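# Chain and residue survey
Here is what each chain is made of, one letter per residue.
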Amino acid sequence: QRLCKGDTMTDDRLCRAALEAAENAYNPYSHFSVGAALLCGDGSVYTGCNIENASFTPTVCAERVAVFKAVSEGRRDFVKIAVAGKGRGKTYGICPPCGVCRQVLSEFCKSGFEILLVTDGGYEAHTLGELLPLSFEFTGE
């Protein structure tokens, strides 16, 4: 999704995009929807939703869907991500990224990368470094 020229993505709009993305979740087992909206440095926004599977292991989180969509289209410059969880139609407190999603984000983002966790009345802002203080980094050749 591309923003119109002259349009700016505010934190509130990014959070709304995450809530809208949650509406597309495929969650017949947990009935818990998660949406993510990833803002890239060029102003483009990639959204994702959780997609469940009966055997659970192949289930993929909204954050990884958004990152993988962006990466598959050549994006690597990420500014921030908003994450929203909804259970049975209501916004669910905060829904921080799972450990796997945090590690995927650390592959492409610095520790200061901002993560907006949508709440009923707004959002909480955290950095990736706060949520993943000791990330794994490949140091081999």
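See the structure printed just above.
This section reports on the structure supplied with the text. Within every chain, residues take consecutive numbers counted from 1 along the sequence as written. Local features in a predicted model are, by the rule used here, given only for residues with pLDDT of at least 70; side-chain atom pairs are given and counted only at 80 or more, and totals for whole chains, interfaces and linings are based on all residues. Side-chain measures here rest on the full set of heavy atoms in the structure, leaving out hydrogens and waters.

## Some points on the environment of Ile 81
Applied cut-off: Only DSSP runs of H or I covering at least 4 residues are called helices, and only runs of E covering at least 2 are called strands; the numbering of each starts at the N terminus. Throughout this description, buried means an accessible area under 20% of the type-specific maximum (1.4 Å probe, protein chains only), exposed means over 50%, and partly exposed covers the range between. Any two residues having at least one pair of non-hydrogen atoms within 4.5 Å are treated as being in contact.
With respect to the helices, strands and loops of the structure, Ile 81 is situated in strand 3 (residues 78–87). For Ile 81, a relative accessible area of 0% translates into the label buried. In sequence terms Ile 81 and Met 9 are 72 residues apart; their C-alpha atoms lie 11 Å from each other. Those residues within four positions of Ile 81 in sequence are excluded, and the remaining contacts are Leu 14, Ala 36, Ala 37, Leu 38, Glu 63, Phe 113, Glu 114, Ile 115 and Leu 116.

## Looking at the pairing of strand 2 (residues 45–49)
Where we set the bar: DSSP-based pairing: two strands are paired if at least 2 bridges between them are found.
Most of strand 2 is tucked away: 4 of the 5 residues are buried. Two strands pair when backbone bridges link them, and strand 1 (residues 32–40) and strand 2 are joined in this way by 5 bridges, in the antiparallel orientation. Across the sheet, Leu 38 pairs through a bridge with Tyr 46, a residue of strand 2. Here strand 1 folds back onto strand 2 in antiparallel fashion, the turn holding 4 residues, of which Gly 43 has a positive phi close to 95°.

## A short note on the pairing of strand 5 (residues 114–118)
For strand 5, the buried fraction is high: 4 of the 5 residues fall into the buried class. Relative to strand 5, strand 3 runs parallel, the two being bridged by 4 bridges. When the bridges of strand 5 are listed, Ala 82 appears paired with Leu 116. What sits between the antiparallel neighbours strand 5 and strand 6 (residues 123–127) is a turn of 4 residues.

## With respect to the side chain of Ser 44
Where we set the bar: Here a polar contact is taken to be a pair of N or O atoms separated by no more than 3.5 Å, where protein atoms must pair a possible hydrogen donor with a possible acceptor and residues adjacent in sequence count only if both atoms sit in side chains.
For Ser 44, the location among the structural elements is in the loop between strand 1 and strand 2. Given a relative accessible area of 2%, Ser 44 falls into the buried group. Of note is the side chain of Ser 44, whose polar atom sits 2.6 Å from the side chain of Asp 42.

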